[in-house]
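Inside the fold
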Amino acid sequence: MTQPRATEAQTRWGLIGASTIAREWVIGAIRATGGEVVSVMSTSAERGRAYASEQGIAKSVTRLEDLLGDDEVDAVYISTTNELHRDHAIAAARAGKHVLCEKPLATSLEDARAMVKAARDAGVVLATNHHLRNAATHRAMRDAIAAGRIGRPLAARVFHAVYLPPHLQGWRLDRPEAGGGVILDITVHDTDTLRFVLGDDPIEAVAFSQQSGMAKAGLEDAVMGVLRFRSGVIAQFHDGFTTKFAETGLEVHGSEGSLIGRNVMTQRAVGTVTLRDAEGERDLPLDHRNLYETGLAAFHTAIAGKGQPSATGEDGVWSLTAGLAVVKAAQSGMAVKIEPGL
């Protein structure tokens, strides 16, 4: 096993998966925060070559071992389909590469825990790409709650029903074995965002799912439900792939005030947060920055040994646990405990 670098030098990245999210968001964020993308792996040689050429990446390979055996690669970004995450992440960790992995970490808790253990044993950083906790809106809400500006949090609501664009209407809608469906794609983000904003952990889930014509093979394309947190906070969520004109939002209501976030469950650095209390209504000041650049900056700092990534592997286990509990609750019609067993 090669030893991971943990220095201030430029971090050199390999992409496991020639993905849309890497092209649209992550490659730019790596470069903007001082990293360099040196290689991309795709099982299709033609796709890999075209992707590398388009993105200005020097090398494309078709085998995982070729990317992980490259001494010029310090860290990997995994954006393959969900059922492949475990094997890719464990192999990368054992090769001494730091790992940034898309959510959900895996399709089972056993696999996600094995990924965390492999990274810990290898002494490398494992992070989950939960970008929403990097939003200025959510950080402002977290800080306001921690400062007591709404008193004791009592309830929350998440509006995260969107329209899945045609170029992404693939495996998420027709491959259960790949971890498709809206719950493992979007509800895991809700859970992570709520944990981050509230500073609290969910312990129970109830839910109803919907198949409204977009998803196939028994997968859900919309879901509504409620999470109960340790403190007693209850949080309602609505997630979907099928709503073309809905607005996203996050609200937290406390004993002394409410925080109203609008257009905040998004990849873009946008949105507003309004504080309502006995003194009236005013918007919180926000320092909007690219969410992925914020996450990559934290990751680069973490591998230099100077902090933690925005969302750790353990955070990814938490969100997956909640997602799987929501799936089970929707299927059974019963409340399901959330127990990550970290």
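Residues numbered from 1 in each chain as written. Predicted model: local features only at pLDDT ≥ 70, side-chain atom pairs only at ≥ 80, totals over all residues. Heavy atoms only, no water.

When the terminal C-alpha atoms of helix H8 (residues 182–198) are compared, their 23 Å separation across 17 residues agrees well with the 24 Å that a helix rising 1.5 Å per residue should span. When you tally the buried positions in H8, you get 17 out of 17 residues, the bulk of the element. Of the residues one or two after H8, Gly199 is the one with positive phi, at around 65 degrees. (Helix = DSSP H or I, 4+ residues; strand = E, 2+ residues; numbered from the N terminus. Expected span 1.5 Å × (residues − 1). Buried < 20%, exposed > 50% of the residue type's maximum accessible area, 1.4 Å probe, protein only.)

Take the confidence of the model for the protein next. Mean pLDDT for the protein: 95, with 98% of residues reaching 70 or above. Taken as a whole, residues 1–8 scores under 50 in pLDDT and shows 26 contacts with residues more than four places along the chain or in a different chain. (pLDDT = per-residue confidence, 0-100. Contact = heavy atoms within 4.5 Å.)

Another aspect to go through is the environment of Leu105. For Leu105, the position within the fold is in the loop between strand S5 (98–101) and helix H5 (109–122). Sequence separation between Leu105 and Arg268 is 163 residues, and the spatial gap between their C-alpha atoms is 22 Å. Excluding residues within four positions of it along the chain, Leu105 makes contact with His85, Arg86, Ala112, Met115, Thr128, Gly313, Gly316 and Val317.

Another point: the pattern of salt bridges. In this structure the tally under the stated criterion is 28 salt bridges. Its salt-bridge partner being Glu65, residue Arg63 comes within 3.2 Å of it at the nearest N-O pair. Taking the relative accessible area as the measure of exposure, Arg63 reaches 43% and is therefore partly exposed. A salt bridge links Arg86 to Asp87; the nearest nitrogen and oxygen atoms lie 2.8 Å apart. Asp87 gets classed as partly exposed once you look at its relative accessible area, which sits at 44%. Taken together, the shared-partner salt bridges in this structure form one network comprising Arg133, Asp192, Arg195, Asp201, Arg230 and Asp315. (Salt bridge = Lys/Arg side-chain N within 4 Å of Asp/Glu carboxyl O.)

So, about the sheet that holds strand S10 (residues 234–240). Here we have nine strands laid out as an open sheet, ordered S14-S13-S12-S11-S7-S10-S9-S8-S15, and mixed in their pairing. Sheet topology places strand S14 (280–283) and strand S15 (336–337) at the edges, where each strand pairs with a single neighbour. Both strand S7 (residues 153–161) and strand S11 (residues 249–254) contribute to a ladder of six bridges, which runs antiparallel. For Arg157, the partnering residue across the bridge sits in S11 and is Glu251. Lying over the sheet, helix H10 (residues 313–332) contacts strand S8 (202–210), strand S9 (222–229), S10 and S15, oriented at roughly 50 degrees with respect to S8. (Pairing = 2+ DSSP bridges. Axes fitted to C-alpha atoms, helices over the stretch in contact; angles between N-to-C directions.)

Let us look at the layout of surface pockets. A volume near 1,300 Å³ is recorded for the largest pocket. As for the largest pocket, its lining consists of 44 residues, and the residues nearest its centre are Ile21, Leu168, Arg172, Asp185 and Gln267. Elements that contribute at least two residues to the lining of the largest pocket include exactly helix H1 (20–32), helix H4 (85–94), helix H7 (171–174) and H8. Per-element tally for the lining of the largest pocket: the top contributor is H1, with four residues. When the residues that make up the lining of the largest pocket are grouped by side-chain class, the tally is 16 nonpolar, 21 polar and seven charged. Taken as a whole, the second largest pocket spans an internal volume of roughly 270 Å³. Residue lining of the second largest pocket: 15 residues in total, with Gly180, Leu219, Glu220, Val327 and Gln331 positioned closest to the centre. (1 Å grid on protein atoms, 1.4 Å probe; cavity = no way out; pocket = protein on both sides within 12 Å on 5 of 7 lines; lining within 4 Å. Points joined across faces, edges and corners; volume = space filled by probe spheres on them. Nonpolar A, V, L, I, M, F, W, Y, C, P; charged D, E, K, R; others polar.)

So, about the packing of aromatic side chains. Considering all chains together, one arrives at two aromatic pairs under this definition. Considering the side-chain rings of Trp13 and Phe299, the 5.2 Å spacing of their centres and the 45 degrees angle between planes classify their relative orientation as tilted. Within this pair, whereas Trp13 is found in strand S1 (residues 12–16), its partner Phe299 is found in helix H9 (residues 291–303), the two being separated by 286 residues in sequence. Under the relative-accessibility criterion, Trp13 is labelled buried at 0%. Sitting over the ring of Tyr163, Lys244 keeps its end group 5.1 Å from the ring centre. (Phe/Tyr/Trp six-rings, centres within 6.5 Å; stacked < 30°, edge-to-face > 60°. Lys NZ or Arg CZ within 6 Å of the ring centre and 35° of its normal.)

This paragraph deals with the sheet that holds S5. Here six strands make up an open sheet; going across it, the order is S3-S2-S1-S4-S5-S6 and the pairing parallel. At either margin of the open sheet sits one strand with a lone partner, and together these are strand S3 (59–61) and strand S6 (126–128). The average angle at which neighbouring strand axes cross in this sheet is 20 degrees, direction not considered. Set on the sheet, H9 makes contact with S1, strand S4 (75–78), S5 and S6; between it and S5 the angle comes to about 160 degrees.

Enumeration over the complete set of coordinates arrives at two cavities of 30 Å³ or more. In this structure, the largest cavity encloses a volume near 80 Å³. For the lining of the largest cavity, the secondary-structure elements that each account for two or more residues are S6 and H9. Per-element accounting of the lining of the largest cavity gives the leading share, three residues, to H9. Along the lines of polarity and charge, the residues of the lining of the largest cavity split into six nonpolar, seven polar and no charged.

This paragraph deals with the nonpolar core. Counting residues in hydrophobic clusters, the biggest one holds 47 residues, and the most contacted among them are Leu194, Leu227, Leu250, Val252, Leu259 and Val326. With seven residues, the top contributor of residues to this core is H8. Among the nonpolar cores identified, the runner-up in size contains 32 residues, and Val38, Val61, Ala119 and Ala122 belong to it. (Core = buried A, V, L, I, M, F, W, Y, C linked by side-chain atoms within 4.5 Å.)

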